[in-house]
Amino acid sequence: MIREERNALFLLLAFAAAAGLLYLLILQPGLERAQRPAGKRPVQAAPAAVPADNRPKAARRMVSLRAELRDAVTGVPLRAAQATVLDISDIAEPAVAVDESGLLCIEYLPPEITFGLQVACAGHVTRTFPRLRADAKEIIDLGLVTLAPLRRLHGLIGAPGGGPARDCAVSVFWLDADGASADPLRRAAHLAAALLAPPAASASAGEDGSFALEGLAAGAYAVYVVGKPHASALLTHVDVELDDCQLRIELQGGYPVQGRIAVAGAGPLAEGTVLLLEAGPPLARRLSAAYCRTDAAGFFAHHALSPRPHFVFVAGAPAASSGCGPFVFPYGEELALTAAQGLTAAGLVLDGNRLPVKNALVTAQGEAPGQVAVAAATDEKGRFLVSGLAQGVAELQVDAAGYALDRTRLEVRPPGAEVRVQLLPAGVLAGVVRDALGPLAGACVLAARPERCTIADAEGRYRLEGLPAGPVEIVAQAPGHASAPRRVEVRLHHENIQDFLLQPGGEIRILVNGPADLPVAGAEVLAVPVDDAGAPAPAAPRAAFTDSRGYARLARLPAGQRVALLAAAVPSRSWSRRSTALRASP
């Protein structure tokens, strides 16, 4: 009896152990899977480099991007840079990180898409890569990406008779390099197009007449200064190349002017813009200029203008953006002008696959003298509308990143013109800029038409994109070196190679004295290259302004180049020829 009870107890314990083992091995995992929501898997730890919440939801192969970010001049890693992936926000949320060595890492880019990348860093020019392709490669390696440092423009503004000019405003406008013309009205219209665009930067002068403009990219600017009761002044071409560029601007007196603008067939030009621009000589680097706004009756006025002849440019609907003149404003009287009525040009911009191209810059300018270029951008569907054109033949220029510049002539007639533009792939020019000592970091390589500019990296390498097929004028420049112009034949679907070897640049330092051998501040000095016979050479002239001690520095001249030095001081504007026997020395 006792033996049977013991056997039964052993059998019961064995059965309980077997049931527990069965539950642990089979039943418990099944219950956990049944209670888990559909489509979810156990969470695994994400790699340390990428936050887990940035991982894609779909389990598929993704693409990564790598780039090394450095300062274009010093080569220092840009650890504070920020990168933004463009045009894929509705597809995925990639993870972006920049480490202490300036290495940019972007993870989880969807494959087989085209996207853009924007890289920015405080104190540097923002750089954009508009068309990157995440193809079959798992890693997109951009290599070394350099950002050019921003420049600073500062100086002093003087009043007539000496002393600082107070309560002045200073604005700078980016200049297009292609503005040469033998016709004075065409030259003025080219400058007016830059001045009617939004300024690149603005600042107010202090009580001591000093001003400072920060965050400028290297290049050429027009500088406009206005302050009551003095006449406004315009420096037509200021090269901002060094990290710190200094000017001294002397304002002059003038008399008040007024006028009235009407539009043919439409009545007064209400709430329009009027630009008065002095009709100066071709090489003038300092002119008189004034901005005005018309009221509801088309009336405009300015507190002071120099007595010399001025062109008058108007902008604003319904007038055509154009100019005429020059005119001498009668003292105390109104100058009445009638502007042509503006027309429109509408159209569509497509690529080679007949897909719309968005954010393309469309610029139109009439071929008649005095016509001012007007611009618009394409929308999401590639459509654009340019207004303010005068009747007649106009040139339409379409510029889009990744495509060759397109130029089209069209006839503008009432009620307007329509055009369809198909863009072609752009050519690429690459190479290395060096001097006798090695690569030149921070050298500037630019194309004049179309205007393109890039900065060489720490190893002197550059890459210039968006060039049309055919001959293109290229020039390489670097501080302390002579400019090196080249004419390059660009082929499409091919990376064209052009290296530059820059020679030491010549420099001339000149002291400008006035009556009684006193130094003249703010005088303009022009160095015109000439041959041995004294005739002008093909090289471009160089200009500079004297500082408070009367000294001017003319740099980046070819070493040994024979030059003629010309100096002019406001308000006389009489050019004094100093010598044609000087040669620029390193």
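Refer to the preceding data block for the structure.
Sequence positions are assigned chain by chain, starting from 1 and proceeding in written order. Where totals are concerned, whole chains, interfaces and linings use all residues; where local detail is concerned, this predicted model gives features only for residues with pLDDT of at least 70, and gives and counts side-chain atom pairs only at 80 or more. The side-chain quantities take in all heavy atoms of the structure and omit both hydrogens and water.

Draft legend 1. The overall build of the protein, seen in detail. Helix and strand assignments follow DSSP, with helices taken as H or I runs no shorter than four residues and strands as E runs no shorter than two, numbered in order from the N terminus. Check the secondary structure of the protein and you find two helices and 44 strands. Looking at the 586 residues of the protein, the share that counts as buried comes to 43%. Counting only contacts in the protein whose residues sit at least 6 apart along the sequence, the fraction spanning at least 24 positions is 62%. With residues, only the protein chains shown are counted as cover, and all accessible areas are computed by Shrake-Rupley using a 1.4 Å probe. In the structure as shown, the protein presents an accessible area of about 29800 Å², 55% of it carried by carbon and sulfur atoms. The rule is simple: take the accessible area with a 1.4 Å probe, protein chains only, and divide by the maximum for that residue type; under 20% is buried, over 50% is exposed, in between is partly exposed. Contacts are residue-level and defined by heavy atoms, with any inter-residue pair within 4.5 Å sufficient.

Draft legend 2. Highlighting the pattern of salt bridges. Put simply, a salt bridge is a Lys or Arg side-chain nitrogen that is within 4 Å of an Asp or Glu carboxyl oxygen. One pass over the full model with this rule turns up 16 salt bridges. We note a salt bridge from Glu 367 to Arg 409, for which the minimum N-O separation is 2.8 Å. Taken together, the positions of Glu 367 in the loop between strand E24 (361–366) and strand E25 (374–377) and Arg 409 in strand E28 (residues 406–412) put the pair 42 residues apart, joining distant regions of the chain. Asp 379 is the salt-bridge partner of Arg 383, the closest N and O atoms lying 3.2 Å from each other. Judged by its relative accessible area of 44%, Arg 383 is partly exposed. One salt-bridge network, held together by shared partners, links Asp 457, Glu 459 and Arg 461.

Draft legend 3. Here's a closer look at unusual backbone geometry. Cis geometry marks the peptide bond from Lys 228 to Pro 229, where omega comes out at 0°. Locating Pro 229 in the fold gives a position in the loop between strand E12 (219–226) and strand E13 (233–240). Along the chain, Pro 414 connects to Pro 415 via a cis peptide bond; the corresponding omega equals 0°. With respect to the element layout, Pro 415 can be found in the loop between E28 and strand E29 (416–422). With phi around 60°, Asn 359 is a residue other than glycine that occupies positive phi space. Position of Asn 359 relative to the elements: it lies in the loop between strand E23 (343–350) and E24. The exposure class assigned to Asn 359 is exposed, which follows from its relative accessible area of 61%.

Draft legend 4. Molecular detail of the side chain of Ser 322. With respect to the helices, strands and loops of the structure, Ser 322 is situated in strand E21 (residues 322–327). With relative accessibility at 12%, the residue Ser 322 sits in the buried group. Residues contacting Ser 322, with those up to four places away along its chain left out, are Val 312, Phe 313, Val 314, Gly 370, Gln 371 and Val 372.

Draft legend 5. How the structure looks around the nonpolar core. With 39 residues, the main nonpolar core has Leu 276, Leu 277, Phe 313 and Phe 329 as its most contacted residues. Looking at this core, the elements with two or more residues in it are helix H2 (184–195), E12, strand E15 (255–263), strand E17 (273–278), strand E18 (286–293), strand E19 (299–305), strand E20 (310–315) and strand E22 (334–339). Top contributing element to this core by residue count: H2, with seven residues. Here Leu 276 is in contact with Val 257, Ser 288, Ala 289, Ala 290, Cys 292, Phe 300, Leu 305, His 310, Phe 311, Val 312 and Phe 329, once residues within four sequence places are set aside. Only buried residues count toward a nonpolar core, which is a set of Ala, Val, Leu, Ile, Met, Phe, Trp, Tyr and Cys residues joined through side-chain atoms within 4.5 Å. Membership of the second largest hydrophobic core comes to 25 residues, among which are Val 172, Ala 201, Ala 203 and Phe 211.

Draft legend 6. Structural context of the pairing of E25. Going residue by residue along E25, you find Val 374 and Ala 376 tucked away on one face and Ala 375 and Ala 377 left uncovered on the opposite face. Two strands are said to pair when DSSP picks up at least two bridges between them. Direction of pairing for E24 relative to E25: antiparallel, over a ladder of four bridges. For Val 362, the partnering residue across the bridge sits in E25 and is Ala 376.

Draft legend 7. Structural context of the packing of aromatic side chains. Two rings belonging to Phe, Tyr or Trp (six-membered ring only in the last case) form a pair when the distance between their centres is within 6.5 Å. Interplanar angles under 30 degrees mark stacking, angles over 60 mark edge-to-face geometry, and anything in between is tilted. By the definition in use, this model includes six aromatic pairs. Between the aromatic rings of Tyr 224 and Tyr 291, the centroid separation amounts to 5.0 Å while the plane-to-plane angle is 85°, which identifies the pairing as edge-to-face. Placement of the pair is Tyr 224 in strand E12 and Tyr 291 in strand E18, with a sequence separation of 67 residues. With a relative accessible area of 6%, Tyr 224 lands in the buried category. The rings of Phe 173, Tyr 224 and Tyr 291 are connected pair by pair, giving a single aromatic cluster. The criterion is that NZ of a Lys, or CZ of an Arg, lies within 6 Å of the ring centre and within 35 degrees of the ring normal, and then a charge sits over that ring. We note Arg 509 situated over the ring of Tyr 551; from NZ or CZ to the ring centre the distance is 4.3 Å.

Draft legend 8. Expanded view of the sheet that holds strand E1 (residues 63–71). Taking strand neighbours across the sheet as the criterion, the four strands line up as E3-E4-E1-E7 in an open arrangement whose pairing is mixed. Two strands lie at the open edges of the sheet, namely strand E3 (95–98) and strand E7 (139–147), each paired on one side alone. Going across the sheet, the axis of each strand differs from the next one's by a mean of 15°, ignoring polarity. Looking at chain direction, E1 and E7 are connected through seven bridges and run parallel. Note on E7: the bridge partner recorded for Leu 65 is Ile 140. Fitting a line to C-alpha atoms yields each axis, with helices limited to the stretch in contact; the angle taken between N-to-C directions then spans 0 to 180 degrees.

Draft legend 9. Structural view of H2. Expected span, for any helix, means 1.5 Å times one less than how many residues it has. Between the first and last C-alpha of H2 there are 16 Å, a value that for 12 residues agrees with the 16 Å anticipated at 1.5 Å per step. Among the residues of H2, those classed as buried are Leu 185, Arg 187, Ala 188, Ala 189, Leu 191, Ala 192, Ala 194 and Leu 195.

Draft legend 10. Region of interest: the sheet that holds E28. Here four strands make up an open sheet; going across it, the order is E25-E24-E27-E28 and the pairing antiparallel. Edge strands, defined here as strands with exactly one partner in the open sheet, are E25 and E28. Along the sheet, successive strands turn relative to each other by an average axial angle of 25°, direction set aside. The pairing of strand E27 (residues 392–399) with E28 spans seven bridges and is classified as antiparallel. By the bridge assignment for E28, Leu 396 is matched with Thr 408.

Draft legend 11. Focus on the environment of Asp 406. Its place among the elements puts Asp 406 in strand E28. Throughout this description, a polar contact denotes any pair of N or O atoms lying within 3.5 Å of each other; where both atoms belong to protein, one of them has to be capable of donating a hydrogen while the other can accept it, and for residues adjacent in sequence the pair is counted only when both atoms sit in side chains. Separated by 2.9 Å, the side chains of Asp 406 and Thr 408 make a polar contact.

Draft legend 12. Looking closely at the pairing of E20. With six of six residues buried, E20 lies mostly within the body of the structure. Covered by surrounding structure in E20 are His 310, Val 312 and Val 314 together with Phe 311, Phe 313 and Ala 315, the residues of both alternating faces. Bridge analysis of E17 against E20 gives six bridges, and the strand direction is antiparallel. Residue Leu 277 lies in a different strand from E20, and its bridge partner there is Phe 311. By the bridge criterion, four bridges tie E20 to E21 in an arrangement that is antiparallel. Residue Val 314 lies in a different strand from E21, and its bridge partner there is Ser 322. Hairpin connection from E20 to E21: six residues lie between these consecutive antiparallel strands, with Gly 316 at a positive phi of about 125°.

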